[in-house]
2 protein chains.
Amino acid sequence: MKFAGTHLLVDLWEATNLDDPALIDRTLCEAAVAAGATILHSHFHHFTPNGGVSGVVVLAESHISIHTWPERNFAAVDIFMCGACDPHIAIPVMQKTFRAGRVDLDEQRRGRVF
Amino acid sequence: MKFAGTHLLVDLWEATNLDDPALIDRTLCEAAVAAGATILHSHFHHFTPNGGVSGVVVLAESHISIHTWPERNFAAVDIFMCGACDPHIAIPVMQKTFRAGRVDLDEQRRGRVF
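None of the values given here were measured: they were computed from a predicted structure.

Caption draft 1: The arrangement of the relation of the copies chain A and chain B in detail. With an RMSD of 0.0 Å, the fit of chain A onto chain B corresponds to turning through 180° and sliding 0.0 Å along the axis. The operation mapping one copy onto its partner corresponds to a two-fold rotation axis. Considering only C-alpha atoms, the part of chain A nearest the rotation axis is Val56(A), at 3.9 Å. Looking at chain A, 100% of its interface residues are interface residues in chain B too, so the copies touch through the same face.

Caption draft 2: Representation of the packing of aromatic side chains within the structure. Residues and elements named next belong to chain A. Overall, the coordinates contain four aromatic pairs over all chains when judged by the stated rule. Look at Trp13 and Phe74: their rings are 4.4 Å apart centre to centre, the planes differ by 40°, and that puts the pair in the tilted class. Of this pair, Trp13 sits in strand 1 (residues 5–13) while Phe74 sits in strand 5 (residues 74–82), placing them 61 residues apart in sequence. No difference in accessibility class separates Trp13 from Phe74, as the two residues are buried. Relative to Phe74, the ring of Trp69 has its centre 5.6 Å away and its plane inclined at 40°; by these criteria the two rings are tilted.

Caption draft 3: Structural detail: the state of the cysteines. All names here are of chain B. Under the defined criterion, the tally for this structure stands at zero disulfides over all chains. With no disulfide of its own, Cys82 lies 7.1 Å from the sulfur of Cys85, the closest cysteine sulfur. Cys82 sits in the buried class, given a relative accessible area of 13%.

Quick notes on the rules
Residues numbered from 1 in each chain as written. Chains lettered and ligands numbered in written order. Predicted model: local features only at pLDDT ≥ 70, side-chain atom pairs only at ≥ 80, totals over all residues. Heavy atoms only, no water. Least-squares fit on C-alpha atoms with pLDDT ≥ 70 in both. Contact = heavy atoms within 4.5 Å. Phe/Tyr/Trp six-rings, centres within 6.5 Å; stacked < 30°, edge-to-face > 60°. Helix = DSSP H or I, 4+ residues; strand = E, 2+ residues; numbered from the N terminus. Buried < 20%, exposed > 50% of the residue type's maximum accessible area, 1.4 Å probe, protein only. Disulfide = S-S within 2.5 Å.

Structure, rendered in structure tokens:
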């Protein structure tokens, strides 16, 4: 079977550095490049009053998104990559910043071609 | 149990209108508003030579993304919404544009709080 891409849904618990959009932007871009992806665009939004961050890096090979809840030390990340990229490589790069105590990972294959 | 949000992974097969970034931008924004979401930012990229489109709408309540493969009549959509939004409402709005012959839907609850 062939697939259009691999989509990882990554829940980060007991995590840190969830309220700094510039740091999160740099972290996700570094993670994308480490995974072999090409960055086309990134956009991050900082919410008030809780400091949460929502953002996305659009890639030539799909995207990485993040939504953080600093008050819960929780972030929901998804990493969707097609082509020769390995999205799993992005996770340890993110962990250098977010240092999650628990990482829940769900992997979906998108666009299965029989 | 409580959750931070609902994340729908929607694979559209036998779909149309997958190579027009302006139409896709309008469609995803309309779908977001129908679902009760507030749009913060949208960005769409048009690939050459196959005409595929990648893009995202960043919402106050998370995001909608799309990646299209016009040559396969396939698009991979994800709709992540927290709060009072109903992401399921976004799907029929998208179907008015994409008219997929088959829709594969996977629903994930993100950030489960016991």
